[in-house]
Number of protein chains: 2
Amino acid sequence: MVGPFGDVTAATALRSVLDDPRRAGEPLSITVNYAGPIAEGPFTVEVRPVRTNRSTQHWIVTLSQDDAVTTTATVICGSRRPTWSETELEPPAVPAPEAVALAQPPEFPVWMRNYEMRFVEGGGPLAGEPEERPHSVTTLWVRDTPARPLDHLAVTALSDVFIPRVMVRFGRLVPAGTVTLTVYFHADAATLAAHGDAHVLATARAQHFGAGFFDQTAGLWTTDGVPLTTTHQLVYFKH
Amino acid sequence: MVGPFGDVTAATALRSVLDDPRRAGEPLSITVNYAGPIAEGPFTVEVRPVRTNRSTQHWIVTLSQDDAVTTTATVICGSRRPTWSETELEPPAVPAPEAVALAQPPEFPVWMRNYEMRFVEGGGPLAGEPEERPHSVTTLWVRDTPARPLDHLAVTALSDVFIPRVMVRFGRLVPAGTVTLTVYFHADAATLAAHGDAHVLATARAQHFGAGFFDQTAGLWTTDGVPLTTTHQLVYFKH
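Per-chain numbering applies: the sequence of each chain, read as written, is numbered from 1 onward. The order in which chains are written sets their letters, starting at A; the order in which ligands are written sets their numbers, starting at 1. This being a predicted model, a pLDDT of at least 70 is required before a residue's local features are given, and a value of 80 or more before pairs of side-chain atoms are given or counted; all residues contribute to the totals for chains, interfaces and linings. Hydrogens and waters are ignored; side-chain quantities use all the structure's heavy atoms.

**Some points on the side chain of Thr 70 of chain A**
Step number 1: Mapped onto the elements, Thr 70 of chain A comes out in strand E4 (residues 68-78).
Step number 2: In this structure, Thr 70 of chain A is in contact with Asn 33, Tyr 34, Ala 35, Gly 36, Pro 37, Ile 38, Leu 63, Ser 64 and Gln 65 of chain A together with Arg 51 of chain B, ignoring residues within four places of it in sequence. For helices the rule is a DSSP run of H or I covering at least 4 residues; for strands it is a run of E covering at least 2, with both sets numbered from the N terminus onward. Any pair of residues with heavy atoms lying within 4.5 Å of one another is described as a contacting pair.

**Some details on the relation of the copies chain B and chain A**
Step number 1: Fitting of the copies onto one another was done by least squares over C-alpha atoms, counting residues only where both copies have pLDDT of at least 70. Relative to chain A, chain B is turned by 180° and slid 0.0 Å along the rotation axis, the superposed coordinates differing by an RMSD of 0.0 Å. On the angle and the small slide along the axis, the relation comes out as a two-fold axis.
Step number 2: When the interface residues of chain B are mapped onto chain A, 100% of them again lie at the interface, so the same face is used by both copies.

**Quick notes on the environment of Ala 187 of chain B**
All names here are of chain B.
Step number 1: Here Ala 187 is to be found in the loop between strand E8 (176-185) and helix H4 (189-195).
Step number 2: In the structure, Ala 187 is positioned 129 residues away from His 58 in sequence and 19 Å away in space, judged by C-alpha atoms.
Step number 3: Discounting chain neighbours no more than four positions away, the residues touching Ala 187 are Arg 80, His 152, Leu 192, Pro 227 and Leu 228.

**Examining the UniProt feature "domain: Acyl-CoA thioesterase-like N-terminal HotDog" (unreviewed entry) in chain A**
Step number 1: As recorded in UniProt, the feature "domain: Acyl-CoA thioesterase-like N-terminal HotDog" (unreviewed entry) lies at residues 4-77 of chain A.
Step number 2: Structurally, residues 4-77 of chain A is divided into 18% helix and 51% strand, and its ends, taken at the C-alpha atoms, are 27 Å apart. UniProt positions are given in the numbering used here, feature names are shortened, and annotations may be inferred rather than shown by experiment.

**Notes on the packing of aromatic side chains**
Step number 1: Note on aromatic contacts: the rings of Phe and Tyr and the six-membered ring of Trp form a pair at centre separations within 6.5 Å, being stacked when their planes are under 30 degrees apart, edge-to-face when over 60 apart, and tilted otherwise. According to the stated counting rule, one finds 14 aromatic pairs over all chains in the structure shown.
Step number 2: Ring centres 4.8 Å apart and planes at 55° place the aromatic pair Phe 209 of chain A and Trp 84 of chain B in the tilted group. Residue Phe 209 of chain A is found in strand E9 (residues 200-210), and its partner Trp 84 of chain B is found in the loop between strand E4 (68-78) and strand E5 (86-87); the two belong to separate chains.
Step number 3: Exposure categories follow from relative accessible area, calculated using a 1.4 Å probe and restricted to protein chains: below 20% of the type maximum is buried, above 50% is exposed, and the middle band is partly exposed. Relative accessible area serves as the criterion here: at 0%, Phe 209 of chain A is assigned to the buried category.
Step number 4: Relative to Tyr 236 of chain B, the ring of Phe 213 of chain B lies with its centre 6.1 Å away and its plane at 70°, an arrangement referred to as edge-to-face. Taken together, the residues span a long stretch of sequence, with Phe 213 of chain B in strand E10 (residues 213-221) and Tyr 236 of chain B in strand E11 (residues 227-237) at a distance of 23 residues.
Step number 5: Residue class for Tyr 236 of chain B comes out partly exposed when judged on its relative accessible area of 23%.
Step number 6: Aromatic rings pair up to connect Trp 84 of chain A together with Phe 170, Phe 209, Phe 214 and Phe 237 of chain B into one cluster.

**Here's the deal with the interface of chain B and chain A**
Step number 1: Facing 62 residues of chain B, the contacting portion of chain A comprises 62 residues.
Step number 2: Interface area, chain B with chain A, both sides summed: about 5500 Å², of which 57% is carbon and sulfur.
Step number 3: In the sections that follow, a salt bridge refers to a side-chain nitrogen of Lys or Arg positioned within 4 Å of a carboxyl oxygen of Asp or Glu. In this assembly, chain B and chain A are joined by 6 salt bridges.
Step number 4: The residue Glu 86 of chain A makes a salt bridge to Arg 169 of chain B at a minimum N-O spacing of 2.7 Å. Buried area: the sum, over both parts, of the accessible surface (1.4 Å probe) that disappears when the two are put together.

**Details of the UniProt feature "domain: Acyl-CoA thioesterase-like C-terminal" (unreviewed entry) in chain A**
Step number 1: According to UniProt, the positions carrying the feature "domain: Acyl-CoA thioesterase-like C-terminal" (unreviewed entry) are residues 102-236 of chain A.
Step number 2: The distance separating the terminal C-alpha atoms of residues 102-236 of chain A is 29 Å; by composition the span is 15% helix and 40% strand.

**Some remarks on a nonpolar patch on the surface**
Residues and elements named next belong to chain A.
Step number 1: On the surface, a nonpolar cluster with roughly 230 Å² of combined accessible area is contributed by Phe 5, Val 8 and Val 110.
Step number 2: With respect to the helices, strands and loops of the structure, Phe 5 is situated in the segment before helix H1 (6-18).
Step number 3: Taking the relative accessible area as the measure of exposure, Phe 5 reaches 37% and is therefore partly exposed. The patches reported here contain residues having more than 30% relative accessible area and no salt bridge. Joining distances are 9 Å for like charges and 5 Å for nonpolar side chains (Val, Leu, Ile, Met, Phe, Trp, Tyr). Surface accessibility follows the Shrake-Rupley procedure with a 1.4 Å probe radius. Residue values consider only the protein chains on display as shielding.

**Observations regarding the domain arrangement of chain A**
Residue and element names in this part refer to chain A.
Step number 1: What marks off one domain from the next here is an automatic or database domain assignment. Split into domains, chain A comes out as domain 1 (1-79) and domain 2 (100-238).
Step number 2: Averaged C-alpha coordinates put domain 1 and domain 2 at centres separated by 20 Å.
Step number 3: Contact residues are listed per partner, giving 19 residues for domain 1 and 22 residues for domain 2.
Step number 4: For the pairing of domain 1 and domain 2, the buried interface totals around 1700 Å² over both sides, and the portion due to carbon and sulfur atoms is 64%.
Step number 5: Our count for the domain 1 to domain 2 interface comes out at 0 salt bridges.
Step number 6: Within 3.5 Å is the distance limit for a polar contact, defined as a pair of N or O atoms, with the added protein rule that one can donate a hydrogen and the other accept it, and that residues adjacent in sequence qualify only through two side-chain atoms. Across the contact surface, domain 1 and domain 2 share 10 residue pairs in polar contact (both at pLDDT 80 or more).
Step number 7: Here the element with the most residues in the side of domain 1 that touches domain 2 is strand E1 (residues 26-34); it accounts for 9 residues.
Step number 8: Nonpolar residues are Ala, Val, Leu, Ile, Met, Phe, Trp, Tyr, Cys and Pro. Charged residues are Asp, Glu, Lys and Arg, and all others, Gly as well, are polar. For the side of domain 1 that touches domain 2, the class distribution of residues is 12 nonpolar, 4 polar and 3 charged.

**Focus: the side chain of Asp 7 of chain A**
All names here are of chain A.
Step number 1: Looking at where Asp 7 falls in the secondary structure, it is placed in helix H1.
Step number 2: We count Lys and Arg on the positive side and Asp and Glu on the negative side, and we leave His and both chain ends out. The charged side chain of Asp 7 is buried without a salt bridge, its nearest counter-charge being Arg 148 at 10 Å.
Step number 3: With residues near it in sequence (within four places) discarded, Asp 7 still touches Trp 111, Tyr 115, Ala 157 and Asp 160.

**Here's the deal with H1 of chain A**
Step number 1: Here H1 of chain A spans 18 Å end to end across 13 residues, near enough to the 18 Å set by a 1.5 Å rise per residue.
Step number 2: Within H1 of chain A, burial applies to Gly 6, Asp 7, Thr 9, Ala 10, Ala 11, Ala 13, Leu 14, Ser 16, Val 17 and Leu 18 of chain A. The span expected for a helix works out to 1.5 Å for each residue beyond the first.

**Re the environment of Thr 83 of chain B**
Step number 1: Within the secondary structure, Thr 83 of chain B sits in the loop between E4 and E5.
Step number 2: On the basis of relative accessible area, Thr 83 of chain B is assigned to the buried category, the value being 19%.
Step number 3: Of note is the side chain of Thr 83 of chain B, whose polar atom sits 2.9 Å from the backbone nitrogen of Gly 212 of chain A.

Have a look at this one:
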């Protein structure tokens with residue numbers, strides 16, 4: 001509502017780090033704080049590598065427009081290496097992407113036209129489900145449109161692909177906007193490249209709503225059930 | 001392992017914002033990034049309010065020692081106001097605090113002596129459970145020792161009270177350390193003050209381990225099942 005471009009803003013903050021010649025390693029996590037709206041027009045991204053260790057590198061990012069900070073972010077890069085591995089979280093059991101109806105993107109918000117969405121559950125008012133629901137779970141198959149191979153920028157944007165949970169609860173538009181978003185990356189660049197432009201399974205739910213804010217916890221998965229990101233956000237709402 | 005004081009470091013970063021006369025509103029969230037170890041001795045905290053809106057205020061915090069950044073943080077403050085409220089997440093079903101045995105704090109790490117801990121599940125090697133486990137869940141009743149009333153600083157520190165999940169899985173010490181921690185505050189100052197020094201229910205689990213890192217998702221609750229924080233972290237490990 002304040003600025004419906006959280007996905008591309010987060011990806012832009014990450015890209016500014018990834019494009020910097022001082023960057024060491026792959027992204028491990030990003031936290032993006034949405035301080036104010038961004039208008040169409042030029043903006044400035046300032047990136048500062050504040051500490052580089054043997055295995056991790058810490059960055060502070062600020063995005064400004066007309067001398068006002070619109071966005072802050074912290075990014076951690078690092079080297080992944082082989083260790084014991086296990087996934088405790090289960091992806092939801094869902095039909096194959098091809099078996100789920102393709103949602104028609106709404107007129108508004110326009111960002112939804114950048115994704116092909118197939119809602120398994122909890123599409124909410126923008127996907128033609130104007131009903132109240134007893135919980136806020138949304139699960140969908142999603143990919144970029146036009147198609148492009150997956151990378152850390154794409155999974156960052158996809159981690160913010162969910163409409164505000166409060167709208168899913170009430171089945172209608174409710175003023176809401178992400179205040180802060182955190183993404184933990186579980187897949188390296190090679191895994192993402194191998195995934196190509198296949199569908200991504202995305203699932204999200206709120207944990208607590210109250211006093212004007214709610215949180216959301218979410219995850220992205222490959223078609224084979226490999227976790228790509230786990231991601232969390234705090235969202236402002238008015239209801 | 002790098003520096004076993006994530007809890008007090010996070011609380012110190014938040015306190016630097018809360019003590020600042022420019023601060024507007026109560027804390028809504030904090031993300032703390034552990035860039036390097038902190039040694040005993042003086043350190044400098046720099047706080048910068050980068051944007052103040054009508055309902056939210058965004059801060060960047062850096063903690064430095066000997067001219068090296070050891071910690072970065074972003075803090076968001078804001079005003080809470082009455083809205084529709086609901087908790088979708090369920091706290092685990094547990095016995096009352098008095099019915100759970102008080103754990104003897106280990107010799108090391110010393111920070112554990114700052115908390116009274118009563119483990120319902122998943123105490124791990126530091127609580128005398130040197131067994132492998134099929135999942136990483138830890139649930140405990142916890143409070144500060146010596147006792148002090150709850151506030152946003154206390155729930156920030158308590159949000160980092162869990163030993164690394166990989167140790168719970170393997171039932172023994174494994175090199176590990178938090179890389180980044182995020183806390184979403186669901187309770188206002190009045191709710192925390194009313195809670196006083198009663199026990200807090202704390203529960204955590206990992207979602208994915210691999211390539212040297214795992215995530216943890218956790219929550220703190222009052223004895224009445226009211227959510228205090230939901231909190232997430234990414235942790236480095238070697239195994």
